[in-house]
Structure formats: C-alpha cells, structure tokens
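Here are the chains, one letter per residue:
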Amino acid sequence: QVQLVESGGGLVQAGGSLRLSCAASVSLFSFDDMGWYRQAPGKQRELVATISYGGLTDYADSVKGRFTISRDNAKKTVYLQMNSLKPEDTAVYFCEAHNNVSSRDYWGQGTQVTVSS
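Residues numbered from 1 in each chain as written. Predicted model: local features only at pLDDT ≥ 70, side-chain atom pairs only at ≥ 80, totals over all residues. Heavy atoms only, no water.

1. Some words on the nonpolar core
Within soluble globular proteins, side chains that are nonpolar generally end up buried alongside one another. Our working definition: The set of buried Ala, Val, Leu, Ile, Met, Phe, Trp, Tyr and Cys residues whose side-chain atoms join them within 4.5 Å is what this entry labels a nonpolar core. Residue exposure (1.4 Å probe, protein chains only): buried if accessible area is under 20% of the type maximum, exposed if over 50%, otherwise partly exposed. Only DSSP runs of H or I with at least four residues qualify as helices, and only runs of E with at least two residues qualify as strands; both kinds are numbered from the N terminus onward. Working rule for contacts: check all heavy atoms of both residues, and any pair within 4.5 Å makes them a contact.
If you look at the biggest cluster of nonpolar residues, it comprises 30 residues, and the most contacted ones within it are Met34, Trp36, Leu80, Met82 and Tyr93. Listed by contribution, the elements that provide at least two residues to this core are strand S3 (18–24), strand S4 (33–39), strand S5 (46–52), strand S7 (67–72), strand S8 (77–82), strand S9 (91–99) and strand S11 (111–116). The residues touching Leu80, leaving out its near neighbours within four places in the chain, are Leu18, Arg19, Leu20, Trp36, Val48, Ala49, Phe67, Thr68, Ile69 and Tyr93.

2. Observations concerning the environment of Leu56
Tracing the backbone shows Leu56 in the loop between S5 and strand S6 (57–59). On the accessibility criterion, Leu56 (66% relative accessible area) is exposed.

3. Notes on the pattern of salt bridges
In plain terms, the rule: We define a salt bridge as a side-chain nitrogen of Lys or Arg found within 4 Å of a carboxyl oxygen belonging to Asp or Glu.
For the coordinates displayed, the defined rule picks out four salt bridges. A salt bridge links Arg38 to Glu46; its shortest N-O distance comes to 2.6 Å. The exposure class of Arg38 is buried, given its relative accessible area of 6%. Among the ionic pairs, Asp89 bridges to Arg38, the shortest N-O distance being 2.9 Å. Here Arg38 lies in strand S4 and Asp89 lies in the loop between S8 and S9, a separation of 51 residues in the sequence. In terms of burial, Asp89 and Arg38 fall into one category: buried. Residues joined in a network through salt bridges with shared partners are Arg38, Glu46, Arg66 and Asp89.

As structure tokens, this is what we get:
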C-alpha cells in the first residue's frame, strides 16, 4: 500500500527557511510525477512544485526563485526547500504522487507551514 508521509512544517518568521520532506513507502520510480501542493484557509488547493520521473521540475509563479523541489531516490523521499518565506506562504502543504498507468493520485496527510510577519 502506498503511503506518503510529510514532515518539516512549522512556524517561521518572514524571510526564513524550511525544508519539507515527503517519505514514500515504495520506490519513487513507482510514480511518473511527484509534487507539492498547498491549501490556505478558505482557499482551494494549489500546485506549488512538481518533479518528474526523470527529474524535470516545474514551479508556480508565486514560488519561483524561492522554492526548490528535489528527490532522493535511494531514500524514497521528495523535498521542498523553501527560502525567503512570506506570510502568504502560510498553508497546509501536501505531498502528491501520480501514476500515469493507473491514473491514480496518492496524497499525504499534510504538514502545516505558518509564516509570521
């Protein structure tokens, strides 16, 4: 059974940094794409960053130049390095994994990130 477990969230001041981790219970090569999404109170869940099977990355415009997504296949873990954090980055951050063959999406339970001004 696929499980994704996020960690690394917390409270940080504006301008600070956090690194989120998403540990998978299976090989990352089981998925075609993995990504980070976030959902702020009263708002829809939005895409933050994605990384493909081959390591190609893409980012939301709001985080380009500040966030970096990466993967460690040996550790079965995807990371989101978040620098220069802003109060508007405050949200619950979710890890997601997608398999094209089964068309299934898997989600973690989320980790809270709070940025104070």
